[in-house]
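Structural description and commentary
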Amino acid sequence: MKKTDKQYIIPIFVPHLGCPNDCIFCNQKSISGQTKQVTKEDVVKTIDEYLLSIKEENAYKEVAFFGGSFTGIDVEKQEELLSTAYEYIKAKKIDSIRISTRPDYIDKEILKRLKKYKVKTIELGVQSANDYILKRAGRGHTFNDVKRASKLIRWNGFKLGHQMMVGLPESTRLDELNTAKDLIKLKPKMIRIYPVLVIKNTKLEKEYEEGTYTPITLNQAVETCKELVYLFNKKKIDVIRIGLQNTDLISEPESKESEVVAGPFHAAFGQLVQDSIWYDSIVDKIKKFNVKVKEVEIKVNPQDVNSAVGHKRENAVKLKELYEVDIKVKADENIKPGKLEMEVLKTFTDFKEEETLKA
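The present account deals with the structure reproduced in this document. (Residues numbered from 1 in each chain as written. Predicted model: local features only at pLDDT ≥ 70, side-chain atom pairs only at ≥ 80, totals over all residues. Heavy atoms only, no water.)

Overview of the sheet that holds strand 2 (residues 60-66)
Note the following rule: Any two strands with at least two DSSP bridges between them are considered paired. Under the DSSP-based scheme used, a helix requires at least four consecutive residues in state H or I and a strand at least two consecutive residues in state E, with every element numbered from the N terminus. Between N-to-C directions, angles cover 0 to 180 degrees, with each direction set by a line fitted to C-alpha atoms, over the stretch in contact for helices. Contact between two residues is taken to exist if any of their heavy atoms lie within 4.5 Å; hydrogens are not considered.
Within the open sheet, the seven strands sit side by side as 1-2-3-4-5-6-8. Their pairing is parallel. Taken across any chain shown, the strands that pair with only one partner, and hence form the sheet edges, are strand 1 (7-13) and strand 8 (238-242). In this sheet, neighbouring strand axes are inclined to one another by 25 degrees on average, regardless of whether the strands run parallel or antiparallel. Where strand 5 (residues 159-166) lies against strand 6 (residues 190-195), six bridges are found, and the strand directions are parallel. Counterpart to His162 in the pairing with strand 6 is Ile191. This element, helix 9 (residues 218-234), spans strand 5, strand 6 and strand 8 of the sheet and lies at about 170 degrees to strand 6.

As for the packing of helix 2 (residues 40-53) against helix 3 (residues 75-90)
So the rule is basically this: Roughly parallel refers to an angle under 35 degrees, roughly antiparallel to one over 145, roughly perpendicular to one between 65 and 115, and oblique to any angle outside these ranges. Crossing handedness is read from the near helix: turned anticlockwise from the far helix by less than a right angle, it gives a left-handed crossing, and turned clockwise, a right-handed one. Residues are grouped as follows: Ala, Val, Leu, Ile, Met, Phe, Trp, Tyr, Cys and Pro are nonpolar; Asp, Glu, Lys and Arg are charged; all remaining types, including Gly, are polar.
Where helix 2 contacts helix 3, the axes come no closer than 9 Å and their chain directions differ by 30 degrees. Judged by the inter-axis angle, helix 2 sits roughly parallel to helix 3. The crossing of helix 2 and helix 3 is right-handed. Counted together, Lys40, Val43, Val44, Ile47, Asp48 and Leu51 of helix 2 and Glu80, Leu81, Thr84, Ala85 and Tyr88 of helix 3 form the full contact between these two elements. When grouped by side-chain class, the residues that make up the contact of helix 2 with helix 3 number seven nonpolar, one polar and three charged.

Thoughts on the sheet that holds strand 11 (residues 326-331)
On the basis of which strands lie adjacent, the open sheet formed by three strands has the order 11-10-12 and mixed pairing. Where the open sheet ends on each side, the last strands, each with one partner, are strand 11 and strand 12 (340-347). For this sheet, the mean inter-axis angle between neighbouring strands, taken without regard to orientation, is 20 degrees. In this structure, strand 10 (residues 293-300) lies alongside strand 12, joined through seven bridges in antiparallel fashion. Looking across to strand 12, one finds that Glu297 is bridged to Glu343. Where helix 10 (residues 269-287) meets the sheet, it contacts strand 10 and strand 12, and its direction lies at approximately 55 degrees from that of strand 12.

Treat this as a map of the structure, not an account of what it does.
Written out as structure tokens, the structure is:
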């Protein structure tokens, strides 16, 4: 039976289980929104609830164990969680399993165990390729560990994913671009990019309060992440997430329940990055016309209309303010996703002639 392109992730969080380190930025209980250990019963309940909500019969379904360092937890606990999910694979109710872990918790024996339960994808928390920045963040591993683990994962037939961060203490934009370039050499299939947020009850919160750490701004985070996306897209590496998932605890710092103290938080951060990429594409297209443009019509795939216009029409507003160009965005199913066609509706010469006639 052929699977559709629609893919569903069934997330199961194992907060801080198996992680011996206390990274400067990390409070897994806040990030995952839960504090108790995950049981076999929790896995069954979560999977069953998600399966009930998935209507497409042939959709690809993957259970993902996120948070903590999965391969560092007690082996019996790993086997309990993996075997529970594996029963759904054997019953053909789900298609695969994904885990996230630390690069220093990967070896041949661990990979043999993961393969036994049909784990398909392994994501490594890399964060940076700079050993000084990794030490400064309290990661407890080096980039050599990342290279070794990445090669082992690929050689053993797993899909490799990486997670990196933007805005770590003493990390610069150049450090982050270099991290992306170093990760590309390791040939991951996918990447997650997380701007650093200052979370309550972390060492980073203390540094922030003492004034020894200053978070990057929202605009800086968007611009850096956009450059990283360009690099990964060029090498056809799938950027599967930009920014932490918005929850009751990970929300605007002003919110009463929020655990976020400071940093470049935005509920639609990934959308802001995609909008900025679209803005660059539109400007580039406009600049290629040999006339001074006043009004253009942009045709995009229906799924790209919001990105072309921008969050709260930000792209349209910026084009009007900076270039005095009005845009009309139209949905066209014949346009491939991510592509655009543009037509000049009015030049400044046309506009001036109209104004003269009105006068």
